[in-house]
Amino acid sequence: MQKTIEAPVAAVAPVTQPPAPRPPLETPQLAVEALDFSFWYGQTRALDGISLRIPERKVTALIGPSGCGKSTFLRSINRMNDLIPGVRHDGDIRLRGDSVYAAGQDVVHLRKRVGMVFQKSNPFPKSIYDNVAYGARVNGIARGRRELDETVERSLRQAALWDEVKDRLDRSALGLSGGQQQRLCIARALAVQPQVLLMDEPASALDPIATQKIEELIYELKDEYTIVIVTHNMQQAARVSDLTAFFYMGDLVEVGRTDAMFTNPREERTEAYITGRFG
Amino acid sequence: MSAPTLQPAGGPGMDAVRSAAPALGWRDRRRRTTSFVMLALTGVAAVLTVIPLLLILFHLLRAGLSSISANFFTHVPVPVGEAGGGIGNSLLGTVMLVVLAGTMGLPIAIGAGMYLAEAQGSRVANTVRFVTDVMNGIPSIVIGIFVWAWVVVTMGHFSAFAGGVALAIMLIPMVTRTTEEMVRLVPRELKEGGLALGFTRWRTALGIVLPAARSGILTGVLIALARIAGETAPLLFTAFGNPFWEWRLGQPVDALPVRIFYYAISPYEEWHRLAWAGSLLLIALVLAVSLAARFLIRSPYRGR
Amino acid sequence: MQTLSFRSRGNLSDRTYAGALAAFGLFIPVLFAFILVRVGAAAWPAVRHFGGGFVTSTDWDPVNGHFGALPFIFGTLASSLLALAIAVPLAVGLAIFLTELAPRWLAAPIGFGTELLAAIPSVVYGLWGIFVLVPWLRDHVQQPLADGVGTRIGLFSGPAYGVSIMAGGVILAIMIVPFISAVSREVLAAVPVAQREAALALGATRWEMTWQVVLPYALPGIIGATILGLGRALGETMAITMVIGNRPDIPTSLFAPGYTMASVLANEFSEASADLHLAALMEIGLLLFGITILVNSFARFLVWRVARRAGR
């Protein structure tokens, strides 16, 4: 069974005006679109015919019990699953119309367009500055001291970390707290100027206060970026996302506007999960 | 939660990126090429390191195979010019020396290994472990001259016994460390189970822990014995070498590696051939022992 | 009572057991100290006689009683450093290939081959060195280089003997590559997957990930492995004795013969009759002992530091 849903473009009207004028979008674009996508680890099927449309500049949450395939789906978007031997897929995933699995697609280039933040923060054992600058340097996005400085500052501000670290940019990133390290990883991902930001349970290893900071950050970032977040915490999904997709055992059971889904889910399984009868 | 107030210069918004995103710039292409080339070079490194092995095996087989015969194993060296010489006495000597070294060194080594595994964190144990590691790195020839000064001078002459002592000194640090590591691998629950049943510490150690680590320890022992069987330097001034059959421990005795060395540096073609043959035999022995050791380590813990 | 006698019985045998184990354990440092003392005592006459000049003089003349060890110290260091220069890039390259690139069916035999290389006895390397490597080096490397650039680059000048510092360095390199590569493999494999994923997710190529993230992370361990390899090379005797040429002079070119501390011991020890000759050789042994202790201790310290950091 397949479930698709049109992105509700006009439904969510901005409460405040955007801070500065920007050329209007011509047509509502889809950031990511999955077309009957299936995925296998060897003989085990992890995803079954997923068709999902993820709209731009919204937060889409992927929820579901452990092992339901949500992380697998997330990692398929930037083809991080390619690192695992013996995997195969069927169907397609498109990033703004371009197939991610196309024959001529350069994976490195793809990962520049799609940023990722992992469950457990993984800063490099380098300085804070070098961590944030790494992606920008390697991809040639910023060259020369001045550009790099600007990029680092901008990314750290976007990640709401600048004020806390601006005086110790050359100290090791490993000296930061867990929550700060995670925000550093977000800054690092943003420095590459991705079109889409994937977050795999970014706050699951953090304490409640740090979690709240991350959630506030996500809320602020969604004006600029498309965010897809995997979370096992339903309350978090309800707080943070515009759209929610419920996965169960490799199937996409239901997708919809978050407020609608949590108050009035259409599917029985969704309701069972949301009300905590399993999971 | 407030709306974002910061508008970054040149904003990273999608619009800006969309208009700037090229297909694959020349810079990206160069990065891709660099990646491919460098990774290919590591493959070249791999090939280069395997080549010497293949070459050595090839030459051993080519130069040595022809000299291997029944005579080879049963005869002693004959003067140059005569036919039919062999390395029988060298083989015997090597066996004698390895048995001697094992008898002297293994009990100490296994005991020391168990000591290190049991006394893990103590300062003394850490010192012992450190010294053991350093001893693993002593040049074998230094051990040779030490044993010369200690045993050969005292006895007044070279002997198999002295050679055994020298090899034992090399054996001990090796087996100590491998034993320690194997005993450490035994799950703690096994040991605690024994103690909980009322066994004394030594009963638990000898009756439960040691048998559990048995195959791992044996593997380490075999590998170490194979290594000392191939050692030459410590024997040069202890066992010294002997072109005749010799069973007595108090007399100089021959050993396969020593014989190979003497033959290799000699000016005689015939002896060179024998050196190749002897080397082939030595490698075959070492290989056999390594394979046996590997095979041993497959079997334990399967039924757990 | 049952339990009391059981406990007291356990106590005595346990203490005996612990004592016996400790005795076995302490045997090793005691033996080590004894070796140090014995060799030092045997070297003492030479130390007293020559003093510091022993390590600065190049005059090694047993017949006339002059003993200067500098050529041997130089030969040992030069051949070992040359070996490192050749071996480290190869070994690290091999390690990267095996951990990052090679599929399982390829990595297993290559890994096994490397283990085999490590198990080959030194004298067999020496034999192969004399009859295969040295002639090949002489004809295909040294002679062409000597004819080509030899007149301009001193390092490649002089007659192409074959037996030379270069041969010594090459054969030592072949011998220590398996060791350095094995330790490097372990260290590289221990780099957390999360670090690799972080780099790749940012759009790094595989080489950039390896060179800029994985290697720096593993660097202390690789350095430790290198220094351990150096320790091995310094103490190597048989193979290098057979290919280095054994001439007690400081070589002026890579093609010239040299002499190492271990080699002079191997060659001259059994024939040394004069007391001073013997003592001088013992002093060389003591120096070799000392150098390898220093190098190995330093390497162990580095490895210990890596282990401590990984436990964080």
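Residues numbered from 1 in each chain as written. Chains lettered and ligands numbered in written order. Predicted model: local features only at pLDDT ≥ 70, side-chain atom pairs only at ≥ 80, totals over all residues.

Here's the deal with the overall build of chain B
Point 1. Of the regular secondary structure elements, chain B holds 11 helices and 0 strands.
Point 2. Sequence-ordered secondary structure for chain B, helices as α and strands as β, is α-α-α-α-α-α-α-α-α-α-α.
Point 3. Within chain B, the proportion of its 304 residues that are buried is 46%.
Point 4. A sequence separation of at least 24 residues applies to 73% of the contacts in chain B between residues at least 6 apart. (Helix = DSSP H or I, 4+ residues; strand = E, 2+ residues; numbered from the N terminus. Buried ≥ 20, exposed ≤ 12 C-beta atoms within 10 Å, placed from the backbone. Contact = placed C-beta atoms within 7 Å.)

Considering the overall build of chain C
Point 1. Each helix and strand counted, chain C has 11 helices and 2 strands in total.
Point 2. Its helices and strands taken in sequence order, chain C reads α-α-β-β-α-α-α-α-α-α-α-α-α from the N to the C terminus.
Point 3. Against the 2.2 N^0.38 benchmark of 20 Å for 312 residues, chain C shows a C-alpha radius of gyration of 25 Å, more extended than a compact globule.
Point 4. Over its C-alpha atoms, taken along the principal directions, chain C stretches across nearly 80 × 60 × 35 Å.
Point 5. Taking the intrachain contacts of chain C between residues at least 6 apart in sequence as the baseline, contacts between residues at least 24 apart amount to 76%. (Rg over C-alpha atoms; globule rule 2.2 N^0.38 Å.)

Remarks on the sheet that holds strand S7 (residues 196-200) of chain A
All names here are of chain A.
Point 1. Sheet architecture is open: 6 strands sit in the order S6-S7-S8-S3-S9-S10, paired in mixed fashion. The two strands at the open ends of the sheet, each matched to only one other strand, are strand S6 (114-117) and strand S10 (251-257). Across this sheet, the average inter-strand angle for adjacent strands is 15 degrees, counted without regard to direction.
Point 2. Here S6 pairs with S7 via 4 bridges, running parallel. By the bridge assignment, Val117 is partnered in S7 with Met199.
Point 3. Contacts from helix H6 (residues 178-190) reach S6 and S7 within the one sheet, and its direction differs from that of S6 by about 170 degrees. (Pairing = 2+ DSSP bridges. Axes fitted to C-alpha atoms, helices over the stretch in contact; angles between N-to-C directions.)

Section: the domain arrangement of chain B
Residue and element names in this part refer to chain B.
Point 1. According to the domain assignment, chain B contains domain 1 (26-67) and domain 2 (70-298).
Point 2. Each of domain 1 and domain 2 has a C-alpha centre, and these two points are 33 Å apart.
Point 3. The interface of domain 1 with domain 2 comprises 6 residues on the first partner and 8 residues on the second.
Point 4. Looking at the side of domain 1 that touches domain 2 residue by residue, the class counts come to 4 nonpolar, 2 polar and no charged. (Domains from an automatic or database assignment. Nonpolar A, V, L, I, M, F, W, Y, C, P; charged D, E, K, R; others polar.)

Some thoughts on the nonpolar core
Point 1. Counting residues in each nonpolar core, the largest one holds 265 residues, and the members touching the most others are Ile145 and Leu171 of chain B together with Val39, Ile171 and Val243 of chain C.
Point 2. With 16 residues, the single largest contributor to this core is helix H6 (residues 165-189) of chain C. (Core = buried A, V, L, I, M, F, W, Y, C linked by C-beta atoms within 7 Å.)

Considering the interface of chain C and chain A
Point 1. Contacts between the two partners involve 13 residues from chain C and, on the opposite side, 18 residues from chain A.
Point 2. When contributions to the side of chain C that touches chain A are tallied by element, the ones reaching two or more residues are helix H7 (193-201) and helix H8 (206-235) of chain C.
Point 3. Per-element tally for the side of chain C that touches chain A: the top contributor is H7 of chain C, with 6 residues.
Point 4. Taken together, the residues of the side of chain C that touches chain A sort by class into 8 nonpolar, 3 polar and 2 charged.

Topic: the pairing of strand S1 (residues 30-41) of chain A
All names here are of chain A.
Point 1. As judged from the 8 bridges shared by S1 and strand S2 (residues 44-55), these two strands associate in the antiparallel manner. By the bridge assignment, Val32 is partnered in S2 with Ile54.
Point 2. Pairing geometry for S1 and strand S4 (residues 87-95), over 8 bridges, is antiparallel. Paired with Ser38 across the strands is Asp90, a residue of S4.

Some details on helix H4 (residues 144-158) of chain A
Residue and element names in this part refer to chain A.
Point 1. Given a rise of 1.5 Å per residue, 15 residues ought to cover 21 Å, and the 21 Å separating the end C-alpha atoms of H4 matches this to within 8%.
Point 2. Here H4 has its buried residues at Thr151, Val152, Arg154, Ser155, Leu156 and Gln158.
Point 3. Residues of H4 that are buried in the fold lie against helix H3 (128-138), helix H5 (162-165), H6 and helix H7 (208-221).
Point 4. Ala160 lies just past H4 and shows a positive phi near 55 degrees. (Expected span 1.5 Å × (residues − 1).)

With respect to the packing of H3 of chain A against H4 of chain A
Residue and element names in this part refer to chain A.
Point 1. Contact geometry for H3 and H4: axes closest at 9 Å, N-to-C directions at 115 degrees. As far as their axial angle goes, H4 and H3 are roughly perpendicular. As H3 runs across H4, the sense of the crossing is right-handed. Residues Tyr129, Val132, Ala133, Ala136 and Arg137 of H3 touch H4, and the partners they reach there are Leu148, Thr151, Val152, Ser155 and Leu156.
Point 2. The residue makeup of the contact of H3 with H4, split by class, is 7 nonpolar, 2 polar and 1 charged. (Parallel < 35°, antiparallel > 145°, perpendicular 65-115°, else oblique. Left-handed = near helix turned anticlockwise from the far one by under 90°.)

Let's talk about the interface of chain C and chain B
Where the parts come together, the accessible area they lose is often given as the size of the interface.
Point 1. Counting residues at the interface gives 67 residues for chain C, matched by 71 residues for chain B.
Point 2. With 20 residues, helix H1 (residues 2-50) of chain C is the largest single contributor of residues to the side of chain C that touches chain B.
Point 3. Broken down by class, the residue content of the side of chain C that touches chain B amounts to 45 nonpolar, 17 polar and 5 charged.

Details of the packing of H7 of chain C against H8 of chain C
Residue and element names in this part refer to chain C.
Point 1. At a minimum axis separation of 10 Å, H7 and H8 run at an interaxial angle of 155 degrees. When the interaxial angle is binned, H7 and H8 end up roughly antiparallel. As for the relative orientation of H7 and H8, their crossing is right-handed in sense. Counted together, Gln195, Arg196, Ala199 and Leu200 of H7 and Met209, Val213, Val214 and Tyr217 of H8 form the full contact between these two elements.
Point 2. Across the contact of H7 with H8, the residue classes break down as 6 nonpolar, 1 polar and 1 charged.

Some points on the environment of Ile228 of chain B
Residue and element names in this part refer to chain B.
Point 1. The topology assignment puts Ile228 in helix H9 (residues 201-229).
Point 2. Between the C-alpha atoms of Ile228 and Ile110, which are 118 residues apart in sequence, the distance is 17 Å.
Point 3. Not counting residues up to four positions away in its chain, the partners in contact with Ile228 are Val98, Ala101, Leu167, Met170 and Leu171.

Quick notes on the sheet that holds S2 of chain A
All names here are of chain A.
Point 1. Strand order in this open sheet of 4 strands is S2-S1-S4-S5, and the pairing throughout is antiparallel. Edge strands, defined here as strands with exactly one partner in the open sheet, are S2 and strand S5 (98-99).
Point 2. Its contacts with the sheet put helix H1 (residues 70-77) on S1, S2 and S4, and the angle it makes with S2 is roughly 65 degrees.

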